[in-house]
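Structural description and commentary
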Amino acid sequence: GPFFLTRAVAPYMMEAGWGRIVTMSSISAVGDAGRVDYASAKAGLIGFTKSLAMQLGPHGVTANAIAPGFIQTDMTAATAERIGVAFDDFINFAANEIPVKRVGQPEDIAHAVSAARASFRRGDWSRAEPAHRGRVLFAFAQKIRELVEPLARLETKDTGKPIVEARADIVG
């Protein structure tokens with residue numbers, strides 16, 4: 001998958017001093033009840049992409065992930081059929097959960113990929129659906145990170161090392 005393909009092309013991109021890597025994750029990366037395997041794989045892909053961006057960015061290679069929500073395709077039609085729901089009802093239900101009241105189309109993904117190829121974006125992940133339901137959740141996660149990072153730099157009383165280093169001594 002993405003790891004092996006990236007491992008194969010990254011040396012050539014770095015040598016050229018230019019490259020664009022766009023991975024396809026899913027909105028399920030932020031959690032999907034009953035699909036822990038899929039959700040964790042897609043979340044891992046976002047982490048992979050962010051790490052790639054940090055590692056390859058200094059060599060002129062960008063890496064970004066696209067995380068589509070509900071996209072009207074043959075795959076979603078097959079899902080509706082598998083669960084015994086008329087496709088129009090399936091689309092209407094999904095659209096009702098999205099603020100702009102429409103599901104995504106394949107063209108929406110094409111536009112997201114085109115934007116992700118921009119040279120100024122490094123390590124981003126974009127939700128490719130008509131409206132960003134997760135914007136509040138993402139802002140909340142960012143705020144938690146801002147609060148937690150200073151805590152990680154606190155020193156332990158017994159060793160005088162930052163907590164993250166002390167933890168590495170115990171775990172590592």
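Residues numbered from 1 in each chain as written. Predicted model: local features only at pLDDT ≥ 70, side-chain atom pairs only at ≥ 80, totals over all residues. Heavy atoms only, no water.

Things to note about the overall build of the protein
When helices and strands are counted, the protein shows 7 helices and 3 strands. When the helices and strands of the protein are placed in sequence order, the string is α-β-α-β-α-α-α-β-α-α. Counting only residues that meet the buried cut, the protein has 33% of its 172 residues in that class. For the protein, the share of sequence-separated contacts (at least 6 apart) that also reach a separation of at least 24 residues comes to 64%. (Helix = DSSP H or I, 4+ residues; strand = E, 2+ residues; numbered from the N terminus. Buried < 20%, exposed > 50% of the residue type's maximum accessible area, 1.4 Å probe, protein only. Contact = heavy atoms within 4.5 Å.)

Comments concerning the confidence of the model for the protein
Fine structural detail should not be taken from predicted coordinates in areas where pLDDT scores are low. Summing up the model confidence of the protein, the mean pLDDT is 77 and the portion of residues at 70 or higher is 67%. With pLDDT under 50 throughout, residues 129-141 is counted as low confidence; its partners more than four residues away or in other chains account for 19 contacts. (pLDDT = per-residue confidence, 0-100.)

Quick word on the side chain of Arg20
Tracing the chain through its elements places Arg20 in strand 1 (residues 19-24). A distance of 3.3 Å separates a polar atom in the side chain of Arg20 from the backbone oxygen of Gly60. (Polar contact = N/O pair within 3.5 Å; in protein donor to acceptor, adjacent residues only side chain to side chain.)

Thoughts on the packing of aromatic side chains
Counted under the stated rule, the structure contains 3 aromatic pairs. Relative to Phe90, the ring of Phe70 lies with its centre 5.4 Å away and its plane at 65 degrees, an arrangement referred to as edge-to-face. With Phe70 in the loop between strand 2 (61-68) and helix 3 (74-83) and Phe90 in helix 4 (residues 87-96), this residue pair connects regions lying 20 residues apart in the sequence. Here the two residues Phe70 and Phe90 agree in accessibility, since each one is buried. Through a chain of ring-to-ring contacts, three or more aromatic side chains come together here, namely Phe3, Phe4 and Phe48. The ring of Tyr38 is capped by Arg35, whose NZ or CZ atom sits 4.3 Å from the centre of that ring. (Phe/Tyr/Trp six-rings, centres within 6.5 Å; stacked < 30°, edge-to-face > 60°. Lys NZ or Arg CZ within 6 Å of the ring centre and 35° of its normal.)

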